[in-house]
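# An overview of the molecular structure
Listed here are the chains, written in short residue letters.
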Amino acid sequence: MKQSPMQELLNGVVEADETYVGGKSRKMMPGRGSERKTPVIAVIERDGKAISKPVDKVDGKTLKGNLQANVAPSAIIHTDTWSGYRGTDKLFAGHLTVNHGHGEYARDGVHVNQCESYFALLKRGVHGTFHHISRKHMARYCNEFSFRWNNRKITDGERTKDALLGFAGKQLQYNDLIGDE
């Protein structure tokens, strides 16, 4: 369900967040993620399109690079206070944050609740339907759930038609599916 590249960059109010998807760590370790989980970043236009993808690191260079590749400079970015987003205000029209560490999840329209909802759907799909996914295929799952999010306001018939049209000219070879990374 990989979609064609967006014709236009996300604009207006755009939320950005990151999460870790995958198996449970054998040892619960403090901090962000674990060696068994895959970091995933998402940018979502308020009441609009979502783009998500797995990344190797959740650092400033990766986060800001992803924002610049997908979001118009005229956008207002909403994030949490993760240090990787520092300096975002210099790249876009504005950057507003909420501080989850102090129990703040929304303030005067500033939030990342759509990203949180998107990640809840992605993780629920992994836990409830797929049960196990590998890092190798995480981009495919992100594409599928972005497709679902981006087409959530159309009928099932229209969504099915769009999905089938997206298959045209694409093949996934068996060796690509099961081969080593």
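What comes next concerns the included structure. Quick caveat: nothing in here was measured; it's all calculated off a predicted structure.

## Some thoughts on the pattern of salt bridges
- Enumeration according to the criterion identifies 5 salt bridges in this entry.
- Between Glu15 and Arg46 there is a salt bridge, with the nearest N and O atoms lying 2.8 Å from each other. Here Arg46 lies in the loop between β2 (37–45) and β3 (50–54) and Glu15 lies in strand β1 (residues 13–22), a separation of 31 residues in the sequence.

## Quick notes on the side chain of Thr19
- Relative to the helices and strands, Thr19 is located in strand β1.
- A polar atom in the side chain of Thr19 sits 2.6 Å from the side chain of Lys123.

## Remarks on helix α2 (residues 113–130)
- Under the 1.5 Å per step criterion, the end-to-end length of α2 is 24 Å for 18 residues, consistent within 8% with the ideal 26 Å.
- Of the residues making up α2, those classed as buried are Gln114, Cys115, Tyr118, Phe119, Leu122, Gly125 and Val126.

## A short note on the sheet that holds β2
- Ordered in space as β3-β2-β1-β4-β5, the 5 strands form an open sheet in which the pairing is mixed. The strands lining the two open edges of the sheet, one partner per strand, are β3 and β5 (94–98). The average undirected angle you get between the axes of adjacent strands in this sheet is 25°.
- The sheet contact formed by strand β4 (residues 76–80) and β5 spans 5 bridges and is parallel. Bridging from a neighbouring strand, Asp80 pairs with Val98 of β5.
- Strand contacts of α2: β1, β2 and β3, with the helix running at about 25° to β1, the strand carrying the most contacts.

## As for the packing of aromatic side chains
- One pass over the structure, following the stated rule, counts 2 aromatic pairs.
- Relative to Phe119, the ring of Tyr118 has its centre 5.9 Å away and its plane inclined at 70°; by these criteria the two rings are edge-to-face. Pair check on accessibility: Tyr118 and Phe119 agree, each one buried.
- Ring plane angle 75° and centroid distance 5.9 Å describe the contact between Tyr118 and Trp149, whose orientation is recorded as edge-to-face. Here Tyr118 is found in helix α2, whereas its partner Trp149 is found in helix α3 (residues 138–150), with 31 residues between them in sequence. Taken as a pair, Tyr118 and Trp149 share a single burial class, namely buried.
- A cation over a ring is seen here: Arg148 above Phe145, with NZ or CZ 4.5 Å from the ring centre.

Conventions used here
- Counting restarts for each chain, with residues numbered from 1 along the sequence as it is written.
- Owing to the predicted nature of the model, reporting of local features is limited to residues with pLDDT of at least 70; listing and counting of side-chain atom pairs is limited to 80 or more, with chain, interface and lining totals taken over all residues.
- Remark: hydrogens and water are excluded; side-chain values derive from all non-hydrogen atoms of the structure.
- The term salt bridge refers to a side-chain nitrogen of Lys or Arg lying within 4 Å of a carboxyl oxygen of Asp or Glu.
- Numbering of helices and strands runs from the N terminus; a helix is a DSSP stretch of H or I covering at least four residues, while a strand is a stretch of E covering at least two.
- Distance and chemistry together define a polar contact, namely a pair of N or O atoms within 3.5 Å, with one atom able to donate a hydrogen and the other to accept it when in protein, and with adjacent residues in sequence counting only for side-chain atoms on both sides.
- Each helix should span, by expectation, one fewer than its residue count multiplied by 1.5 Å.
- Think of it in three bands: with a 1.4 Å probe and only protein chains considered, a residue is buried below 20% of the maximum accessible area for its type, exposed above 50%, and partly exposed in between.
- A pair of strands counts as paired when DSSP detects no fewer than two bridges linking them.
- Axis definition: a line fitted to C-alpha atoms, limited for helices to the stretch in contact. Angles are taken between N-to-C directions and run from 0 to 180 degrees.
- The contact criterion used throughout is that any non-hydrogen atoms of two residues lie within 4.5 Å.
- Stacked, tilted and edge-to-face are the three classes assigned to paired rings of Phe, Tyr and Trp, where Trp is represented by its six-membered ring and a pair needs centres within 6.5 Å; plane angles under 30 degrees give stacked, over 60 edge-to-face, the rest tilted.
- Criterion for a charge above a ring: Arg CZ or Lys NZ at most 6 Å from the ring centre, at most 35 degrees from the ring normal.

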